[in-house]
Amino acid sequence: MSATLLLAQLLNGLQYGVLLFLLAAGLTLVFGIMSFVNLAHGSLYMMGAYAAAVAYAATGSFAFAMVAAAGAALVLGLALEFVVVSRLYRRDHLDHVLATFGLVLFFNELVRIVWGPQPYFLQVPDALSGTVDVFGFSYPSYRFAIIAAGLLVAVGAYLLIHKTRIGMLIRAGAQNPLMVAALGVNIRLLNAMLFAVGAMLAGLAGAIAAPILSVQSGMGEPVLITTLVVIVIGGIGSVSGALYAALIVGLVDTLGRAFLPMLLRQVAERSVADAAGPALASMSVYLLMAVVLAFRPQGLFPAQPR
Amino acid sequence: MINANLARPGTWVPISLLAGLALVPFVATAAGQPFWIAFFTRIVIYAIAASALNLALGYGGLVSFGHALFLGLGGYAVALPSFYEVGNGWLHLALCVGAGAAVALVTGAISLRTAGIAFIMITLAFAQMGYFVFVSLKNFGGDDGLPIAHTSRFGPLDLGSPLALYGVSFALLVLVTWWLARLRLAPFGMALRGAQQNARRINAIGLPVLRYQLAAYVVSGMLCAVAGMLLANLNAFASPSTLTWAVSGELIVMVVLGGIGTVFGPLLGALAFLGLEEVLKGFSEHWMVVFGPLIVLMALVGKRGIAGLLDVMPGLTGQEGWIGQARNDKILSGSQPK
Amino acid sequence: MFKLSRIAVGAAFCASLAAQATTIGLMAPLSGPQALVGQDQVDGFMLALELLGGKLGGQSATILKEDDQLKPEIGQQAVRKFIDKDKVDAIVGLSFSNVLMGSLPRLAESGVVAIATNAGPSPIAGASCKANVFSVAWQNDGAAEAMGKLAQDKGVKRVYLMAPNYQAGKDMLAGFKRFFKGTVVEEVYTQVNQPDYSAELAQLQSAKPDAVFAFYPGGMGVNFVKQMNQAGLLPKLPLYSVFTVDGTTLPSLRDAAAGTVSGAMWDAALDTPDNRKFVAAFEAKYKRTPSEYAATGFDAANLLDLALRKAGGDAAKLAAAVKAAGSEFKSVRGPFRFNNNNLPVQNYYAFEAVKQGGKVTVAHVATPLKDHTDAYHAQCALK
């Protein structure tokens, strides 16, 4: 195990974490403020990826593809909020689960009807398709760019939430939504905008991930589960919590996958390590969450208590 | 079913469905279509699993996103002895119930330290951990699953035979439904349902909410494991894919679709979910594009699932519907039904 | 797209009373990351059927399709449906190794002829071989063995192995190691359908092997090769692969796959008259280049056609007829026959993806294994 390998894995973990943050930011706000369990968040991620793929195929411009993905996800988010989500705010969480589960099935099948079952192709833009030399190690420039972009979004989100009036309303809503409504704020509009912005971030994450992963039906579900884990660890309703938790989860998952099997081989015999290693690595994120929940159920960085 | 009123659609529809299910083996054999026996066995088994979840979720208010863990445990409780050529049904059952109870006790005790979304996620975490454990067991098939050569034999009764399996599953479903209906109104059930509404009050009365909830969770886990055992016998196969969160999600959808906390909800939900899937498949291979919105519609209508919808429909006497619903809800607050 | 439904089955029943029609169950993964594989098999089969005038063995054929979603449980239900409800004469396809193994008990018990077009796991090649279960595709280890032999012949010293963690993955790496006598630097099994290989690729880089051997079918292959490319590892590091760079993944990979060498029992580049006709017909109808999965689907239909003719409508004789037909029917891959274990004896070729004038095409570069029998057939009790 060399230092350059460790560095490369750290960068990988950071990149994965940043992608998770883009997804978690929207989801945690929707859950925290509107108390709405949105399982269809993964589908918004998927639709963003497809929108980017289509836009890229049509224009050949990666920048345009990004914009198209964000725009499409925004519009889709607004539409969903108006048609389905807004009618379910007062209901039980389980009704949310049922409705968004149906939406997931619908979007997965819709995508298959329109684009077929095969993975869609989106290429990394030429400007970023090379590698960067990191201490004698080649690291894909595109992944570097993802880290940079994600951190930019994180900074932007911080400024938005802590330095603007809207951000103040959001923070207040995360602490006490009823009071915010009672103070005369148009909570309906705020909710709709919040849901749409969350959707936009998810769509953007899908567009960013598309060149690395294949764009296909059902790509949202695995990432949704990890995102749920992130927001629970970070604390529902807290964007800063989502950021830290996303980075932690990204690092734990990547480093676990990379080094646990190796470490196990030092202490156990090879066949046992080979069998248990990948299992433990996959479990690592869930173990982390279980431990966090057992000792600090409100999350590591919760929004201020009500 | 103390206040069972056969005039209400909420009662006679599910009972007629059960009667229909009882006739399936005879009709299918007569028509020379054994496929339908296997098809309905699957529905019955999932109805049992959904009933188990209903105990924890509907009565106890414990939203478990990890019940697939018990389903999988039950399956492997058959597959692992079968791998070692042991086909004794009693051993399978003992292993199944024992493992289900033990795992439910441990995971339940830990999970119940949390509430709300944290509870949901921690149950999910346990199911995922179970999934990865079974995937890593390469000697027992790992990701590919483990075929079962020796199905559960209880003396002359072999669960590998489709008719025997259907009979046993159906009998179990009827028993479980009846038992849960009685439990709903028994002191244990009342305390549990009361705890769902207001745990503090129940504690104040002197009933230890945590113990009731843990007991419910453990029973739920054991029952779900038995369903898993039946499922493994049906498929002659145990696979880690039974332990994925998607299966847990489907169970929740079945319970909610049917009607959370109702007596016949799980049966209705399983029938609707799996039955509709099969019907729609016949029309198009893109059936999910219709199935999805149907589920969304169900959620939007929100009259407590199918059971709730049935309750709202006017009964044969004309006096039922909302009144009957209200009458049901009065039980909890103490006033006697007529 | 509407699957032929109850109407077709009803018609088939009425027709079968007059012994004039045959019903075939076609099962493949038609959704999920491996949908490409399933779709190609179905398309290859249906193309052959069309070229045979819609008839198999001289009888009009009804094809019932089922999607197993690459899940053994669903595959089992589909097989059960085919056998008990639809009462098919034969089942074709049977998806990936894990789904096939899940349905095996039911298939063996029923005696219905089953022709796998995408799998040949070592158990059914060996001790668990069944008289009515055939693979018209390959024994899983075969293509990998060819790559092992190629690497050995080329003098490669240190190889890094990667595959997904399921039966076929293990079979592939075992096959490679059987013929490659150099040093195996590392043997890595990743999660099935894992999308991101950044962690594993970083390990790979630091291990500095001479070459990489990988098995990542369908969507996994697209991700893996693309990411290898993005990490700057291709074309620096020779990549030997099986089922990773093929007809299903090349359209998505394009330039990223240039320089890679893959082993298979077939590729569109194979220059035989039968194959040229098949490729031309496939491209004309489906507007894409066929993969080896389409070729096996195509071959399965032609094999069934001949076998049904031989059996003359007698279901009990169909299995033996299929076995005999194996040596006689014209396969697009070249020489073909069934071994005692009902698995193929065939050539395994090496193909290289080359960049030619802005496009990436595949060229046949070697034939490491000719008339190759698998390593497990001796354990099979069949003759």
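What counts as what
Residues numbered from 1 in each chain as written. Chains lettered and ligands numbered in written order. Predicted model: local features only at pLDDT ≥ 70, side-chain atom pairs only at ≥ 80, totals over all residues. Helix = DSSP H or I, 4+ residues; strand = E, 2+ residues; numbered from the N terminus. Rg over C-alpha atoms; globule rule 2.2 N^0.38 Å. Buried ≥ 20, exposed ≤ 12 C-beta atoms within 10 Å, placed from the backbone. Contact = placed C-beta atoms within 7 Å. Nonpolar A, V, L, I, M, F, W, Y, C, P; charged D, E, K, R; others polar. Domains from an automatic or database assignment. Pairing = 2+ DSSP bridges. Core = buried A, V, L, I, M, F, W, Y, C linked by C-beta atoms within 7 Å. Expected span 1.5 Å × (residues − 1). Right-handed = clockwise from strand over helix to strand, strands pointing away. Axes fitted to C-alpha atoms, helices over the stretch in contact; angles between N-to-C directions. Left-handed = near helix turned anticlockwise from the far one by under 90°. pLDDT = per-residue confidence, 0-100. Parallel < 35°, antiparallel > 145°, perpendicular 65-115°, else oblique.

It is not clear to me how the overall build of chain A should be interpreted in this structure. Could you clarify?
Within chain A, the regular secondary structure consists of eleven helices and two strands. Of the regular secondary structure in chain A, the N- to C-terminal order runs α-α-α-α-β-β-α-α-α-α-α-α-α. By the compact-globule yardstick of 19 Å for 306 residues, chain A fits well, its C-alpha radius of gyration being 20 Å. Structurally, chain A occupies a C-alpha span of about 60 × 50 × 35 Å along its principal axes. The 306 residues of chain A split such that 59% are buried. Counting only contacts in chain A whose residues sit at least 6 apart along the sequence, the fraction spanning at least 24 positions is 79%.

Looking at this structure, I do not really get the overall build of chain C. What am I missing?
From N to C terminus, chain C includes 13 helices and 14 strands. Counting only C-alpha atoms and orienting by the principal axes, one finds that chain C spans roughly 65 × 45 × 40 Å. For chain C, the residues scored as buried account for 65% of the 383 residues in total. In chain C, 72% of the contacts between residues at least 6 apart in sequence involve partners at least 24 apart.

Just to check I follow, could you spell out the environment of Pro14(B) for this structure?
Residues and elements named next belong to chain B. Mapped onto the fold, Pro 14 is located in helix α1 (residues 9-31). In sequence terms Pro 14 and Ala 307 are 293 residues apart; their C-alpha atoms lie 8.8 Å from each other. Pro 14 has contacts with Phe 264, Leu 267 and Leu 268, leaving out every residue within four places of it along the chain.

Explanation requested: the interface of chain B and chain A in the structure shown.
A common measure of how large an interface is: the accessible area buried when the components associate. Taken together, the 35 residues of chain B in the interface contact 35 residues of chain A. Per-element tally for the side of chain B that touches chain A: the top contributor is helix α5 (residues 117-136) of chain B, with eleven residues. Its residues assigned to classes, the side of chain B that touches chain A shows 26 nonpolar, seven polar and two charged.

Looking at this structure, I do not really get the domain arrangement of chain C. What am I missing?
Residue and element names in this part refer to chain C. Taken domain by domain, chain C holds domain 1 (6-138 + 271-338) and domain 2 (141-264 + 347-378). Between domain 1 and domain 2, the C-alpha centre-to-centre distance is 27 Å. If you look at the interface, domain 1 gives 24 residues, while domain 2 gives 22 residues. Split into classes, the residues belonging to the side of domain 1 that touches domain 2 amount to 13 nonpolar, eight polar and three charged.

I'm lost on the sheet that holds strand β4 (residues 90-93) of chain C in this one. Help?
Within a sheet, adjacent strands bond to each other through the backbone by hydrogen bonds, running parallel or antiparallel. Reading across the sheet, the six strands line up as β2-β3-β1-β4-β5-β6 (chain C) and stay open at both edges, with mixed pairing between neighbours. Each edge of the open sheet is held by one strand with a lone partner, namely β2 (55-56) and β6 (133-135) of chain C.

Looking at this model, I keep getting lost on the pairing of β4(C). Mind explaining?
Regular strands place their side chains on alternate faces of the sheet. Residue and element names in this part refer to chain C. Inspection of the sheet shows strand β1 (residues 21-28) paired to β4 by four bridges, in the parallel sense. Paired with Met 27 across the two strands is Gly 93, which belongs to β4. Inspection of the sheet shows β4 paired to strand β5 (residues 113-116) by four bridges, in the parallel sense. When the bridges of β5 are listed, Ala 90 appears paired with Val 113.

When you look at the nonpolar core in this model, what are you seeing that I'm missing?
Where a protein is soluble and globular, its nonpolar side chains tend to be buried together. Ranked by internal contacts, the top residues of the largest apolar core, which has 368 residues, are Ala52(A), Met121(B) and Ile115(C). Both domains that meet at this core, namely domain 1 (6-138 + 271-338) and domain 2 (141-264 + 347-378) of chain C, each give it at least three residues. Setting aside residues no more than four positions away along its own chain, Ile115(C) makes contact with Ala90(C), Val92(C), Phe134(C), Val136(C), Ala300(C), Leu303(C), Leu304(C) and Val322(C).

Sorry if this is basic, but what is going on with helix α13 (residues 318-328) of chain C here?
Helical geometry: 3.6 residues make up each α-helical turn, so side chains three or four residues apart lie on a common side. Three or more residues of α13(C) are buried, namely Leu318(C), Ala319(C), Ala321(C), Val322(C), Lys323(C), Ala325(C) and Gly326(C). If you follow the buried residues of α13(C), they end up packed against β4, β5, β6, α12 (292-311) and β12 (336-338) of chain C.

What am I meant to see in helix α2 (residues 41-59) of chain A here?
In this model α2(A) runs 27 Å from its N-terminal to its C-terminal C-alpha over 19 residues, within 8% of the 27 Å that 1.5 Å per residue would give. Counting buried positions along α2(A) gives 15 out of 19 residues, so the element sits mostly inside the fold.

Honestly, the pairing of strand β8 (residues 183-190) of chain C in this entry has me stumped. Any pointers?
Residues and elements named next belong to chain C. As defined by bridge partners, strand β7 (residues 158-164) adjoins β8 across seven bridges and the pair is classed as parallel. Its bridge partner being in β8, Ala 163 is matched across the sheet by Tyr 189. Each parallel crossover has a hand, and the one from β7 via helix α7 (residues 167-179) to β8 is right-handed.

Is there a simple way to think about the packing of helix α1 (residues 3-34) of chain A against helix α10 (residues 239-267) of chain A in this case?
How two helices pack is summed up by the angle between their axes together with the distance between the axes. Residues and elements named next belong to chain A. Where α1 contacts α10, the axes come no closer than 7 Å and their chain directions differ by 145°. When you trace α1 past α10, the crossing you get is right-handed. A per-class count over the contact of α1 with α10 returns 17 nonpolar, seven polar and one charged.

It is not clear to me how the confidence of the model for chain C should be interpreted in this structure. Could you clarify?
Any segment with low pLDDT has predicted coordinates that should not be analysed in fine detail. Residues and elements named next belong to chain C. Across chain C, the average pLDDT comes to 86, with 95% of residues at or above 70. Low confidence marks residues 1-5, where pLDDT is under 50. Its contacts with residues over four positions away, or in another chain, come to eight contacts. Counting contacts from residues 7-12, a segment whose pLDDT is below 50, to residues more than four positions away or on other chains yields five contacts. Here the prediction assigns the complex a pTM of 0.82, and the interface score ipTM is 0.82.

Just checking my understanding: could you explain the environment of Ala8(A) for this structure?
Residues and elements named next belong to chain A. Mapped onto the fold, Ala 8 is located in helix α1. A count of 26 C-beta atoms within 10 Å places Ala 8 in the buried class. Remark: the alpha-carbon pair of Ala 8 and Val 134, spanning 126 residues in sequence, is separated by 8.3 Å.

What is the right way to read the packing of α1(B) against helix α2 (residues 35-59) of chain B from this model?
All names here are of chain B. Interhelical geometry of α1 versus α2 gives an angle of 165° and a closest axis separation of 9 Å. The angle between α1 and α2 places the two elements in the roughly antiparallel class. Crossing hand, α1 versus α2: left-handed. The residues of α2 that touch α1, namely those facing Leu 21, Val 24, Pro 25 and Ala 28, are Trp 36, Ile 37, Phe 40 and Val 44.

Is there a simple way to explain unusual backbone geometry in this structure?
Trans is the prevailing form of peptide bonds, just as negative phi is the prevailing case for residues other than glycine. Its identity as a non-glycine residue notwithstanding, Glu85(B) has a phi of 65°, on the positive side. A positive phi angle, near 60°, is found at Phe243(C), a position not held by glycine. Here Phe243(C) shows up in the loop between β10 (239-242) and α10 (250-253). For Phe243(C), a count of 28 C-beta atoms within 10 Å corresponds to the buried category.

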